[in-house]
Structure formats: C-alpha cells, structure tokens
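Spelled out, the chains give:
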Amino acid sequence: MKTQVVIIGAGPAGLLLGHLLRAEGVDCIIVERASADYVLGRIRAGVLERTTTDLLERLGIDERLRSEGLLEDGFCLADGERLIRIDTFGLTGKHVTVYGQTEVTRDLMDAAPGRALEVIYEAEDVAIHAIDSDAPFVSFSKDGSERRIDARFIAGCDGYHGPSRRSIPASAAREFERVYPFGWLGILADVPPCHDELIYANHTRGFALASMRSMARSRYYIDVPLTDRVEEWSDERLWDELAIRLGPEVAAHITRGPAIEKSIAPLRSYVFEPMHHRSLFLAGDAAHIVPPTGAKGLNLAASDVAYLSAALIGYFQRGENDGIAGYSATALARVWKSERFSWSLTNLMHRFPDDGPFERRMQLAELDYIASSRAAQTAIAENYVGLPL
Ligand code: APR
Ligand code: PHB
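Fair warning: this is a prediction, and the values are worked out from it, not measured in the lab.

> What exactly am I supposed to notice about the overall build of the protein chain here?
Helices and strands together make up the secondary structure of the protein chain, namely 12 helices and 20 strands. By the compact-globule yardstick of 21 Å for 389 residues, the protein chain fits well, its C-alpha radius of gyration being 21 Å. Going through the 389 residues of the protein chain one by one, you find that 55% of them count as buried. Long-range contacts, defined as pairs at least 24 residues apart, comprise 72% of the intrachain contacts of the protein chain with a sequence gap of at least 6. As displayed, the protein chain has an accessible area near 16600 Å², and 50% of this comes from carbon and sulfur atoms. The averaged location of the 55 negative side-chain charges in the protein chain is 2 Å from the averaged location of its 42 positive side-chain charges.

As structure tokens, this is what we get:
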C-alpha cells in the first residue's frame, strides 16, 4: 500500500489532520491501535477554543457542535469566598464552546467514510521505519496478516504513550517536564450543572472545578493526593467535598446524582522538542501534555494539525518546503504559550503540599488583583479563548 502521509493514531489530532488533508486532496491513511469503541470510551475535557471550532466549521463537521455545544461568554475563578467572573466574550469578542472531546472524536469518526478518509482500527505492533529517508513506511499486523504502508511523510498523532516520539534519536531531542504532586478526581453525572459557566475554585482544602457537558450532564473535579484511590471516594464523600470547596453560594445549586464515570488522572506539563525530524512530524499529545487546568489539551492538538496540514498541503500541492521546515518552531511557539497558561492557572488554583501561609497569601493577592484589574482579566481571557494561530 502507498499513500502520501501515514497518520499514526485516530485520536482528535490524527482524525482532524486526516480530514484537513483529505479536504485538500492530499492522500493519507490513519493507523490506530485500538478499536473505534475504545477510542470513544475515553472521557476528557470539554472546552473548545474558537480556533478549534473554526477548523471544524471549515471542514463542515460542525452540525452537532452547533446544535448541542454550549456557547460560553465567560467563566469564574473562586477564592473560597467569592466568584470572580472573567467576561471572556466582553474582553475578547470570542466565546468558548462547551462540547465534550469524545463528541468531537465521534463527529470526526462518523464523517470519515463519506470523505474517503481511511482509518485502520485494531492495528497491532505498529512500527515506524526509515524516517531518516524520503521513503518512510509503517508496518503493522491486522487480522493476523502483516501489512506495510509506504509514504512520503509520517505524522505521529499517537498520544503520550505512542511510539512516534521515541523513534526520534535522543541526541536530536530535548524534553521538558513538570509533574504535579496531586491528581484530579473527576465525576460525571446526569444532573444539571450548578452554574451556567465553569467555576475554578481554590479553597483552603484544595482545588475544585465545576464544569458540564450539557444542561443535563455535569462534570466536576477536585484535586486529591496521588496516593488516593477512586474506591476511597464514595459519590457522597465527593459531593460533600465539592460543596465545601466550591463555597456555600455555589453549593446551594449543586444537584447530586450517581457517578456515571469517576476516575483520578495525574497532572503533568511536558514538551518534546523538536516536533519534526526528517520524514516524521509529531502533533498533539505525542509531543506535549498540559495539565487540564484551562482545558488546552485538545485545542493544542487542533492548532498543531492546523499548522501541519497547511505545511503538508503546501508541499504536495505547490512544492513548497518552507511550511514543513518551519512547522516545529511555529507549533512550539504556540505550545509553549499554552503550557505557560495551564501551568500558571494550575499554580494559582491549587494547594501544593509544600505551600505555607506565604504562598497562600500570594495566591489570594493574585486573585484579588485579577478581581480588580481589567488588564489582568483580559490577559486571562485571551489565553482562555485561545491565542490566534
Ligand atoms: N499505534 C497506533 N495508534 C496508537 C499507538 C500505536 N502504537 N499508540 C497509541 N495510539 C493511538 C491511541 O490509541 C489513541 O487513539 O493514538 C491515539 C492518540 O490519541 P490521544 O491520546 O487522544 O491524543 P491526541 O489525538 O493528540 O489528542 C490530544 O485529546 O486525547 C486528548 O488529552 C488529550 O486533550 C488531549 C487531546
Ligand atoms: C471538563 O469539562 O472536563 C473540563 C473543563 C475545563 C477544564 C478541564 C476539564 O479546565
């Protein structure tokens, strides 16, 4: 088999890249290790930047997003006593859209057959070869037979645990990492949200986030020590803790219900440089991880593939090399800014085990400054809605 670009991974990054390339007539095939159902079973964040929704609109894969997505004008920070509203629309003229990442993946998956985007699911032993040459290829086995796809380029969209990044020699790469000393315990429940906008709270007992998927489905998180296990957190204990951390005013509007999903996820900031080596490109979680504070993960995957698709289309349609040569630097410039925003919002809104009274006062002073300064709110708002491509 031969194509122009083999994409490894059918998460949001791989599927979106595949659609962007196919829309401009570039040939590509996606090779995914898991089944479609497995990919759709993963629950992740649900806030889309305008940059991301614009891409889906450009592709015409936005029908459900437009009918079911919730356009949000703002969000709140809470300091244990009050809500500080960030009027993102008033300050930037842009909304974010609350729409589950799983739903984005489903929409991209459903649109693939009609757009001649081939996705090979349940590919085993996916391996990358000859990235130092102009004729790289990917091998895997499927239904017991060995398969090989030759291409001009390989796009590694295989997430944090995928093989693509590891095929770049260590001598050509650099890694940057911060691991946070807590995890997020999340609960999904079919109950109406407690507030019509997201609330990120920093209470003396720790972090809490009130989010939603729809007007009938809520998503909440608290931070917990990494040693905690989900089984230690009954639904009741978690609702009690959320009510305390979100404060009495918000708690009065919380509707409790049984968890339809409950899990603990670690928090990490990670960047791999460069995002391009010879015939291999990296995009999305394959190259970087952000902590979920600010919900930048999927949005960064989308901006990466916006840059990468433009570079590959320029190469195949017009013989241009500049886009490809500049991809890593261009994508990383935006990646680092989102890393900075997620890291700073994480630092502002969480209690770190080593923090003392001084650090707490610093956080409260910063929140107080944000509450009183339009400039500070604008800086947060423009990062939250997404920096321009
Ligand atoms: N071969 C083929 N596919 C693989 C392999 C492999 N060896 N290893 C991993 N994959 C697949 C995974 O099964 C997954 O479907 O690559 C896909 C990577 O998808 P994500 O992890 O979702 O990463 P990405 O598409 O970059 O999405 C980034 O979405 O997943 C969230 O938290 C993530 O918000 C972030 C954004
Ligand atoms: C979510 O709804 O799951 C969510 C929202 C905002 C975040 C992280 C997760 O920052």
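Once the structure has been displayed, the description carries forward.
> How should the site of ligand 2 be read in this particular structure?
As a structural note, the neighbourhood of ligand 2 is formed by 15 residues, with Y200, S211, R213, Y221 and P292 the closest of them. S211 has a polar side-chain atom sitting 2.6 Å from an oxygen atom of ligand 2. In the environment of ligand 2, an oxygen atom lies 2.6 Å from a nitrogen or oxygen atom belonging to the side chain of Y221. Protein coverage of the free-state accessible area of ligand 2, which is 280 Å², stands at 100%.

> Looking at this model, I keep getting lost on the site of ligand 1. Mind explaining?
Taken together, 23 residues lie near ligand 1, and A13, E32, R44, Q101 and D285 sit nearest. Contact between ligand 1 and E32: an oxygen atom at 2.6 Å from a side-chain N or O atom of the residue. For ligand 1, whose accessible area on its own is 700 Å², the fraction buried by protein is 92%. Of all elements in the fold, only α1 (12-23) and α9 (297-318) reach the threshold of two or more residues within the shell around ligand 1.

> Can you walk me through the layout of surface pockets in this structure?
The method is simple in principle: a probe with the dimensions of a water molecule rolls over the atoms, and the space it marks as empty is what remains. When its volume is computed, the second largest pocket comes out at roughly 300 Å³. What lines the second largest pocket is a set of 15 residues, among which G100, E103, L188, R213 and R217 lie closest to the centre. Among the secondary structure elements, those contributing two or more residues to the lining of the second largest pocket are α6 (101-111) and β15 (206-214). Tallied by class, the residues present in the lining of the second largest pocket amount to six nonpolar, four polar and five charged.

> For this particular structure, what's the right way to read empty space enclosed by the protein?
Counted by the stated rule, this structure contains one cavity of 30 Å³ or more. As for the largest cavity, its lining consists of P12, V39, R42, R44, Q101, T102 and T105. Here the lining of the largest cavity takes three residues from α6, the largest share from any one element. Here the lining of the largest cavity is built from residues that sort into two nonpolar, three polar and two charged.

> Got a minute to help me understand the packing of α1 against α6 in this structure?
Two quantities define a packed helix pair, namely the angle between the helix axes and the distance between the axes. Across the interface, α1 lies against α6 with an axial gap of 10 Å and an inter-helix angle of 40°. Handedness of the α1/α6 crossing: left-handed. Between α1 and α6, the contacting residues are P12, L15, L16 and H19 on the first element and Q101, T105, L108, M109 and A111 on the second. Within the contact of α1 with α6, the residues separate by chemical class into six nonpolar, three polar and no charged.

> Quick question: what am I supposed to make of the sheet that holds strand β3 (residues 47-48) here?
The pairing of strands in a sheet happens through backbone hydrogen bonds and is either parallel or antiparallel. The sheet built from three strands is open, its strands ordered β3-β7-β4 with antiparallel pairing. Strands with a single pairing partner mark the edges of an open sheet, and in this sheet they are β3 and β4 (70-72). With three bridges connecting them, β4 and strand β7 (residues 96-98) associate as antiparallel partners. In the strand pairing of β7, L70 is matched with V98.

> Got a minute to help me understand the pattern of salt bridges in this structure?
Oppositely charged side chains can form a pair if their charged atoms are brought close together. For the coordinates displayed, the defined rule picks out 28 salt bridges. Of the charged contacts in the structure, one is a salt bridge between R85 and E197, with a shortest N-O distance of 2.8 Å. Within this pair, whereas R85 is found in strand β6 (residues 83-86), its partner E197 is found in the loop between β13 (174-189) and β14 (199-203), the two being separated by 112 residues in sequence. With a closest N to O distance of 2.9 Å, E320 and R318 form a salt bridge.

> What is the right way to read the pairing of strand β2 (residues 28-31) from this model?
Consecutive side chains along a regular strand alternate between the two faces of the sheet. Alternating residues of β2 divide into C28 and I30 and I29 and V31, and every residue in both groups is buried. With four bridges connecting them, strand β1 (residues 5-8) and β2 associate as parallel partners. If you follow V6 over to β2, its bridge partner there is I29. Where β2 meets strand β8 (residues 118-120), three bridges bridge the pair, whose relative direction is parallel.

Rules behind the numbers
Residues numbered from 1 in each chain as written. Chains lettered and ligands numbered in written order. Predicted model: local features only at pLDDT ≥ 70, side-chain atom pairs only at ≥ 80, totals over all residues. Heavy atoms only, no water. Helix = DSSP H or I, 4+ residues; strand = E, 2+ residues; numbered from the N terminus. Rg over C-alpha atoms; globule rule 2.2 N^0.38 Å. Buried < 20%, exposed > 50% of the residue type's maximum accessible area, 1.4 Å probe, protein only. Contact = heavy atoms within 4.5 Å. Areas by Shrake-Rupley, 256 points an atom, 1.4 Å probe, with all protein chains shown as cover. Lys, Arg positive; Asp, Glu negative; His and termini not counted. Charge placed at Lys NZ, Arg CZ, Asp CG, Glu CD. Near = heavy atom within 4 Å. Polar contact = N/O pair within 3.5 Å; in protein donor to acceptor, adjacent residues only side chain to side chain. 1 Å grid on protein atoms, 1.4 Å probe; cavity = no way out; pocket = protein on both sides within 12 Å on 5 of 7 lines; lining within 4 Å. Points joined across faces, edges and corners; volume = space filled by probe spheres on them. Nonpolar A, V, L, I, M, F, W, Y, C, P; charged D, E, K, R; others polar. Axes fitted to C-alpha atoms, helices over the stretch in contact; angles between N-to-C directions. Left-handed = near helix turned anticlockwise from the far one by under 90°. Pairing = 2+ DSSP bridges. Salt bridge = Lys/Arg side-chain N within 4 Å of Asp/Glu carboxyl O.

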